Amino acid sequence: LQQLLGVTSECHELPKTSVLTIMSRIAPTIAISLGTTCACVGVFQNGRVEIIHNEQGDRTTPSCIAFTDTTRLIGEAAKDQAPKNPENTVFNVKRLIGRKSDDPCLLSKQHWPFEIIPDLKGRPRIRVQYRGQTKEFCAEEILAMLLRKLKAAAELFI
């Protein structure tokens, strides 16, 4: 988001004639930068971009989801518990989108601690243990969990 708008600081004044400025006066505009390792949420309103801080006060949230016997953790909490629960901590999942399970790129990345299995169409699925059950998710489902958290943060901000 910051690169797209050419913003280098937390708040930046854009030209008053900008289309985005006009739109932001009608309603706040939310943008999510979904990176492979981290994600960022920004709100454009009243001619300014503000990067939303997460619960820890950071401007970025790790693109990481962890599944435990009792809960699902997202972001920093998931990353922090990864050494204790590596096989159920999912990260870099964006690299799976649009690939087949037998893609040479995926086969060369077999260092992931979580299990990747093919579905009936040969697409990669992530297998984890969650609340005492074996669950399988496609990459898009994992990313949707992260996006819901980021969206909620943006909604609280505006």
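Residues numbered from 1 in each chain as written. Predicted model: local features only at pLDDT ≥ 70, side-chain atom pairs only at ≥ 80, totals over all residues. Heavy atoms only, no water.

1. As for the overall build of the protein chain
What the protein chain contains, in helices and strands, is five helices and 11 strands. A total of 158 residues make up the protein chain; the buried ones form 37% of that total. Long-range pairs, those at least 24 residues apart, make up 49% of the contacts in the protein chain with a sequence separation of at least 6. Approximately 9,100 Å² of the protein chain is accessible, and the part contributed by carbon and sulfur atoms is 54%. (Helix = DSSP H or I, 4+ residues; strand = E, 2+ residues; numbered from the N terminus. Buried < 20%, exposed > 50% of the residue type's maximum accessible area, 1.4 Å probe, protein only. Contact = heavy atoms within 4.5 Å. Areas by Shrake-Rupley, 256 points an atom, 1.4 Å probe, with all protein chains shown as cover.)

2. Description of the side chain of Asn92
Relative to the assigned elements, Asn92 resides in the loop between β8 (89-91) and α4 (104-107). The residues contacting Asn92, other than those within four sequence positions of it, are Thr36, Thr37, Ser63 and Trp112.

3. Focus on the sheet that holds strand β11 (residues 133-138)
If you walk across this open sheet you meet the three strands as β9-β10-β11, and the pairing is antiparallel. What marks the edges here is a single partner per strand, and that holds for β9 (115-118) and β11. Direction aside, neighbouring strands of the sheet carry axes that sit 40° apart on average. With six bridges joining them, strand β10 (residues 124-130) and β11 adopt antiparallel strand pairing. Bridge pairing in β11 links Arg125 to Cys138. Along the sheet, helix α5 (residues 139-157) makes contact with β10 and β11, crossing β11 at roughly 95°. (Pairing = 2+ DSSP bridges. Axes fitted to C-alpha atoms, helices over the stretch in contact; angles between N-to-C directions.)

4. Examining the sheet that holds strand β6 (residues 64-67)
Here we have three strands laid out as an open sheet, ordered β7-β6-β8, and antiparallel in their pairing. Looking at which strands have only one partner, the edges of the open sheet turn out to be β7 (72-74) and β8. Each strand of the sheet is rotated relative to its neighbour by a mean of 15°, with strand direction disregarded. When β6 meets β7, the two strands line up antiparallel, connected through three bridges. For Phe67, the partnering residue across the bridge sits in β7 and is Arg72.

5. Describing the packing of aromatic side chains
With the rule as written, the count across this model stands at four aromatic pairs. Between the aromatic rings of Phe67 and Phe137, the centroid separation amounts to 5.1 Å while the plane-to-plane angle is 15°, which identifies the pairing as stacked. Separated by 70 residues along the polypeptide, Phe67 in strand β6 and Phe137 in strand β11 bring together distant segments of the chain. Exposure remark for Phe67: the relative accessible area of 1% places this residue in the buried category. On the basis of relative accessible area, Phe137 is assigned to the buried category, the value being 12%. Consider the rings of Phe91 and Phe114, whose centres lie 5.6 Å apart with planes at 90°: the pair is edge-to-face. (Phe/Tyr/Trp six-rings, centres within 6.5 Å; stacked < 30°, edge-to-face > 60°.)

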